[in-house]
Amino acid sequence: MLFHVEMTVELPHDLPAGVADRLKATEKARAEELQRNGKWRHLWRVAGRYANVSIFDVRGPGELHEILSGLPLFPFMKIEVKALCRHGSAIADDGA
Ligand SMILES: O=C(O)CC1=CCC(=O)O1
């Protein structure tokens, strides 16, 4: 199943820079791993915001929740999820 996920990162202003840098580095490593194994299909920066729009390809909402709640930045993100299904006029066969 494909899901559209928008993640907005809100790090506390008083979070020490070293802690923030470590969180961002571990988040990046996990995001790269999930992209390599095909679960995190697209990762786009929302221009002008500390936010991303992503497409996940997972078995269902349970797996998506497991992945999202395990992200290092999860405690500092607002997340909106939309389930996707194939549009009848779409010509691309991209697994939806
Ligand atoms: O920067 C973000 O939008 C949060 C994030 C997701 C994957 C990653 O490396 O950073």
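The following refers to the structure shown. For every chain, the first residue of its written sequence is number 1, and the numbers climb from 1 along that sequence. Two thresholds apply to this predicted model, a pLDDT of at least 70 for residue-level local features and 80 or more for giving and counting side-chain atom pairs, whereas whole-chain, interface and lining totals are computed over all residues. Computation of side-chain values covers all heavy atoms of the structure but excludes hydrogens and water.

What follows deals with the site of the ligand. Lining the immediate environment of the ligand, one finds V9, E27, K28, A31, W40, R45, Y50 and N52. Take R45: an N or O atom from its side chain is 2.8 Å from an oxygen atom of the ligand. Side-chain polar atom of N52 to an oxygen atom of the ligand: 2.9 Å apart, as the coordinates give it. Method for areas: the Shrake-Rupley scheme with a 1.4 Å probe, in which residue coverage is limited to the protein chains shown. A total of 280 Å² of accessible area belongs to the ligand in isolation, and the protein chains cover 87% of it. The way it works is a 1 Å grid over only the protein atoms, where trapped points that fit a 1.4 Å probe form a cavity and open points with protein on both sides within 12 Å along at least five of seven lines form a pocket, and then any residue with an atom within 4 Å of a point lines it. Throughout, a molecule is located in a cavity or pocket provided that more than half of its atoms lie within 2 Å of its grid points. With respect to the pocket detection grid, the ligand is positioned in the largest pocket. In terms of residue count, helix α1 (residues 17–36) provides more of the shell around the ligand than any other element does, three residues in total. For the shell around the ligand, a count of residues per class yields four nonpolar, one polar and three charged. A cutoff of 4 Å decides nearness: a residue is near a molecule or strand if any of its heavy atoms lies inside that distance of it. Any pair of N or O atoms that falls within 3.5 Å is considered a polar contact. Within protein, one atom must be able to donate a hydrogen and the other to accept it, and sequence-neighbouring residues count only if both atoms are side-chain atoms. Runs of E in the DSSP output that reach at least two residues are strands. Runs of H or I that reach at least four are helices, and both are numbered from the N terminus. Just so you know the grouping, Ala, Val, Leu, Ile, Met, Phe, Trp, Tyr, Cys and Pro go in nonpolar, Asp, Glu, Lys and Arg go in charged, and all remaining residues, Gly too, go in polar.

This next bit is on the layout of surface pockets. Grid points are joined across faces, edges and corners, and a volume is the space filled by probe spheres set on the points. Looking at the largest pocket, its volume works out to about 260 Å³. The wall of the largest pocket is formed by 15 residues, among which E27, L43, R45, N52 and L73 lie closest to the centre. Mapped onto the lining of the largest pocket, the elements with two or more residues apiece are β1 (2–9), α1 and β2 (40–45). At six residues, α1 tops the list of elements feeding residues into the lining of the largest pocket. Of the residues in the lining of the largest pocket, the class split is eight nonpolar, two polar and five charged.

What follows deals with the pattern of salt bridges. A side-chain nitrogen of Lys or Arg and a carboxyl oxygen of Asp or Glu constitute a salt bridge if their distance falls within 4 Å. Per the counting criterion, the structure on display carries seven salt bridges. Residue K28 pairs with E32 through a salt bridge whose shortest N-O separation is 2.9 Å. Of this pair, K28 and E32 both sit in helix α1, separated by four residues, roughly a single helical turn. Here E63 makes a salt bridge to K39, at a shortest N to O gap of 2.8 Å. A residue pair is termed long-range when its members are at least 10 positions apart, and E63 in helix α2 (residues 61–69) and K39 in the loop between α1 and β2 qualify at 24 residues. Each residue is placed in one exposure class: buried if its accessible area under a 1.4 Å probe, protein chains only, is under 20% of its type's maximum, exposed if it is over 50%, and partly exposed if it falls in between. Under the relative-accessibility criterion, E63 is labelled buried at 11%. Bridged by salt links that share partners, the residues K39, R59 and E63 form one connected network.

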